[in-house]
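Residues per chain, in single letters:
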Amino acid sequence: MGCLIRVLCIPPSHILFSLLAGPVSFMWKLLHVARKSSVDSFRVRLHKLFNLPLNAPALRPAQSISFAPTKLLRSPHLQIKNFFSLTYVLKAVKYYCYSDKPRGVVATVKGDYNYHHYMQDGMDDSGWGCAYRSLQSIWSWFILNGFTDKPVPTHLDIQKCLVEIKDKEEKFIGSRQWIGSTEIGFVLDHMLGYESRYIITNSGSEVAERARELMMHFQTVGSPVMIGTILQSYRAAIVPFLCSVFIIFCICFS
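For clarity, every value in this text was computed on a predicted model and none was experimentally measured.

**Student:** How should I be thinking about the overall build of the protein chain in this particular structure?
**Tutor:** A tally of helices and strands in the protein chain yields 6 helices and 10 strands. When the 254 residues of the protein chain are sorted by exposure, 33% land in the buried category. For the protein chain, long-range pairs separated by at least 24 residues make up 54% of all intrachain contacts whose partners lie at least 6 apart in sequence. On the protein chain, roughly 16800 Å² of surface is accessible, and the fraction owed to carbon and sulfur atoms is 59%.

Right under this line is the structure:
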């Protein structure tokens, strides 16, 4: 008795990995009911063939080069060539420390990410969407570095997630309410299964005291970091508001 097996042919994946001299193209041909273990074992063989590390994803379809037009900036910190470039920072550290060798260490995010900002995707989130955009930028890092193939969540997806885990009330969905670093951690944990670490400081000046922890994060994990803060607006009254900062590099003095 014959057996009909459906075969799924996925378009070629063109992947550019930093440890390879150039892009590599793959034609994935998977059985409709292929087990995850067999796919993983095939990828392990490819890693060994190209002498790639086995402790980091490198050849997943989600990491393919996209030729579709996009308004998103890809790893914009790599294009910094002006007065505040990282090279200049190291030279300044060397000069002001009166040493023949730089006494500072610059640690940057590992891998690519897409920079999400206000007013993109036809979404008017000016003034309240900073943390949503920081989360989307961090999520893109997980995609581009092969840790997930789930698409970047929209503002509505993020709000629904927070309501689902009982962090917010139902009326939060569709609102223009801010979120912060805590909510970002909740979403990453619930939707991707990745836990976050929180570093609490009493003021912005204390952030410099945690520079070594940030440097260690960039050197070991490598993902972008979101910093949330409560600022004070002095007008007719003191009105606290939430602001998020997207961090992609850290300078640590020895």
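**Student:** What exactly am I supposed to notice about unusual backbone geometry here?
**Tutor:** For residues that are not glycine, phi is negative in most cases, and the peptide bond is trans in most cases. Residue S75 is not a glycine yet carries a positive backbone phi of 45°. Phi angles above zero are rare outside glycine, and M119 is one such case at about 70°. Note on placement: M119 falls in the loop between β7 (114-115) and α3 (130-144).

**Student:** Explain α3 to me, please; I cannot follow it from the model alone.
**Tutor:** Residues that lie three or four places apart on an α-helix share one face, since the helix turns once every 3.6 residues. The terminal C-alpha atoms of α3 lie 21 Å apart, and with 15 residues this matches the ideal 21 Å at 1.5 Å per residue to within 8%. With 15 of its 15 residues buried, α3 lies for the most part within the structure. With its phi angle positive at about 85°, G146 sits one or two positions after the end of α3.

**Student:** I tried to follow the nonpolar core on my own but got confused; where do I start?
**Tutor:** The nonpolar side chains of a soluble globular protein tend to be buried with one another. I158, I179, V187 and L188 are the most contacted members of the largest nonpolar core, which has 27 residues in total. Looking at which element gives the most residues to this core, the answer is α3, with 8 residues.

**Student:** Could you clarify how one ought to interpret the packing of α3 against helix α4 (residues 155-164) in this entry?
**Tutor:** If you want to describe how two helices pack, look at the angle between their axes and the distance between the axes. At a minimum axis separation of 10 Å, α3 and α4 run at an interaxial angle of 95°. Taken as axis vectors, α3 and α4 run roughly perpendicular relative to one another. Contact residues: α3 offers Y132, R133, L135 and Q136, while α4 offers H155, I158 and Q159. Split into classes, the residues belonging to the contact of α3 with α4 amount to 3 nonpolar, 3 polar and 1 charged.

**Student:** I keep staring at the environment of F147 and nothing clicks. Help me out?
**Tutor:** Mapped onto the elements of the fold, F147 is located in the loop between α3 and α4. Taking the relative accessible area as the measure of exposure, F147 reaches 30% and is therefore partly exposed. Each residue touching F147, except ones within four places of it in the same chain, is listed here: P57, R60, W141, F142 and Y194.

**Student:** Help me out: how do you make sense of the pattern of salt bridges in this one?
**Tutor:** When charged atoms on two side chains of opposite charge get close, those side chains can pair. For the structure on display, the rule yields 7 salt bridges. A salt bridge links R210 to E213, with the nearest nitrogen and oxygen atoms 2.5 Å apart. Judged by relative accessible area, which is 25%, E213 ranks as partly exposed. Overlapping salt bridges bring together D121, D125 and R133 as one network.

**Student:** Looking at this model, I keep getting lost on the environment of S137. Mind explaining?
**Tutor:** For S137, the location among the structural elements is in helix α3. Judged by relative accessible area, which is 1%, S137 ranks as buried. Sequence-wise, S137 and Y113 are 24 residues apart; in three dimensions their C-alpha atoms are separated by 6.4 Å. A polar side-chain atom of S137 sits 3.4 Å from the main-chain carbonyl oxygen of N114.

**Student:** I would appreciate a short explanation of the side chain of N114 in the present structure.
**Tutor:** With respect to the helices and strands, the residue N114 is situated in strand β7. With relative accessibility at 13%, the residue N114 sits in the buried group. A polar side-chain atom of N114 sits 2.7 Å from a polar atom in the side chain of R74. Not counting chain neighbours up to four residues away, the residues in contact with N114 comprise L72, L73, R74, S137, S140 and L144.

**Student:** How should I be thinking about the packing of aromatic side chains in this particular structure?
**Tutor:** For any pair of aromatic rings, geometry is given as the distance between the ring centres together with the angle between the planes. Within this structure, the stated rule accounts for 6 aromatic pairs. Residues F142 and Y194 carry aromatic rings whose centres are separated by 4.8 Å and whose planes lie at 20° to one another, so their mutual orientation is stacked. Placement of F142 in helix α3 and of Y194 in the loop between α5 (181-192) and α6 (211-220) is noted, with a sequence separation of 52 residues between them. Classification of Y194 as partly exposed rests on a relative accessible area of 28%. The rings of W141, F142, F147 and Y194 are connected pair by pair, giving a single aromatic cluster.

**Student:** Sorry if this is basic, but what is going on with the confidence of the model for the protein chain here?
**Tutor:** Low pLDDT marks regions whose predicted coordinates should not be analysed in detail. Residues with a pLDDT of 70 or more make up 65% of the protein chain, whose mean pLDDT is 75. In the model of the protein chain, strand β1 (residues 7-9) stands out as the element of lowest mean pLDDT, 41, in contrast to α4, which has the highest, 97. Low pLDDT, under 50, characterises residues 1-9; the predicted model gives this stretch 11 contacts beyond four residues in sequence or across chains. Low pLDDT (under 50) marks residues 232-244, which in the prediction has 31 contacts with non-local residues, meaning those over four places away or in another chain.

The rules we used
Residues numbered from 1 in each chain as written. Predicted model: local features only at pLDDT ≥ 70, side-chain atom pairs only at ≥ 80, totals over all residues. Heavy atoms only, no water. Helix = DSSP H or I, 4+ residues; strand = E, 2+ residues; numbered from the N terminus. Buried < 20%, exposed > 50% of the residue type's maximum accessible area, 1.4 Å probe, protein only. Contact = heavy atoms within 4.5 Å. Areas by Shrake-Rupley, 256 points an atom, 1.4 Å probe, with all protein chains shown as cover. Expected span 1.5 Å × (residues − 1). Core = buried A, V, L, I, M, F, W, Y, C linked by side-chain atoms within 4.5 Å. Axes fitted to C-alpha atoms, helices over the stretch in contact; angles between N-to-C directions. Parallel < 35°, antiparallel > 145°, perpendicular 65-115°, else oblique. Nonpolar A, V, L, I, M, F, W, Y, C, P; charged D, E, K, R; others polar. Salt bridge = Lys/Arg side-chain N within 4 Å of Asp/Glu carboxyl O. Polar contact = N/O pair within 3.5 Å; in protein donor to acceptor, adjacent residues only side chain to side chain. Phe/Tyr/Trp six-rings, centres within 6.5 Å; stacked < 30°, edge-to-face > 60°. pLDDT = per-residue confidence, 0-100.

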